[in-house]
Amino acid sequence: MVTAFVMIHAQTDSIPECAERLSELDGVSEVYSVAGEWDLIAIVRIPRYEDLAEVISHRVNKVDGVVETTTHLAFRAYSQHDLDAAFSLGLE
């Protein structure tokens, strides 16, 4: 599974509507409204790397209200459970 984080600048007056439209796209698993430099962050999860262009260039970037995007690809996921296991000595 390929995971990408798409940082999105959206038109200020349509951020909620833009987020709703993005969340309905195939390949987009979650959309967050955030504080800071970006307006929204979309989490894209797809089975193959080759599908990124279709999802981001042909779906996400075409949503009304999306002004600009920057995409970051995830190499590895860490959860608290994974971190505990990685640093555990196996002692109880």
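Residues numbered from 1 in each chain as written. Predicted model: local features only at pLDDT ≥ 70, side-chain atom pairs only at ≥ 80, totals over all residues. Heavy atoms only, no water.

This paragraph deals with the environment of Leu-40. Along the chain, the position of Leu-40 falls in strand β3 (residues 40–46). The sequence separation of Leu-40 and Ile-15 amounts to 25 residues, and the corresponding C-alpha distance is 7.8 Å. Excluding its chain neighbours within four sequence positions, the residues that come into contact with Leu-40 are Val-6, Met-7, Ile-8, Ala-10, Ile-15, Cys-18, Ala-19, Leu-22, Val-31, Tyr-32, Ser-33 and Val-34. (Helix = DSSP H or I, 4+ residues; strand = E, 2+ residues; numbered from the N terminus. Contact = heavy atoms within 4.5 Å.)

Our focus in this paragraph is the nonpolar core. Grouped together as the largest cluster of nonpolar side chains are 20 residues, with contacts concentrated most on Val-6, Ile-8, Cys-18, Leu-22, Leu-40, Val-44 and Val-60. Elements with a minimum of two residues in this core: β1 (2–10), α1 (15–23), β3 and α2 (52–58). In terms of residues, this core owes the most to one element, β1, which gives five residues. (Core = buried A, V, L, I, M, F, W, Y, C linked by side-chain atoms within 4.5 Å. Buried < 20%, exposed > 50% of the residue type's maximum accessible area, 1.4 Å probe, protein only.)

Along an α-helix, residues three or four positions apart point the same way, because every turn accommodates 3.6 residues. Along α1, the residues that are buried comprise Ile-15, Cys-18, Ala-19 and Leu-22. Angularly, the buried residues of α1 cover 100° about the axis, an arc narrow enough to put them on a single face. Along α1, the residues that are exposed and aim more than 90 degrees away from the buried face are Pro-16 and Glu-20. Those residues of α1 that are buried are in contact with β1, β2 (28–33), β3 and β4 (66–73). (Arc of directions from axis to C-beta.)

Attention now moves to the side chain of Thr-3. Among the structural elements, Thr-3 can be located in strand β1. Residues contacting Thr-3, with those up to four places away along its chain left out, are Ile-43, Val-44, Arg-45, His-72, Leu-73 and Ala-74.

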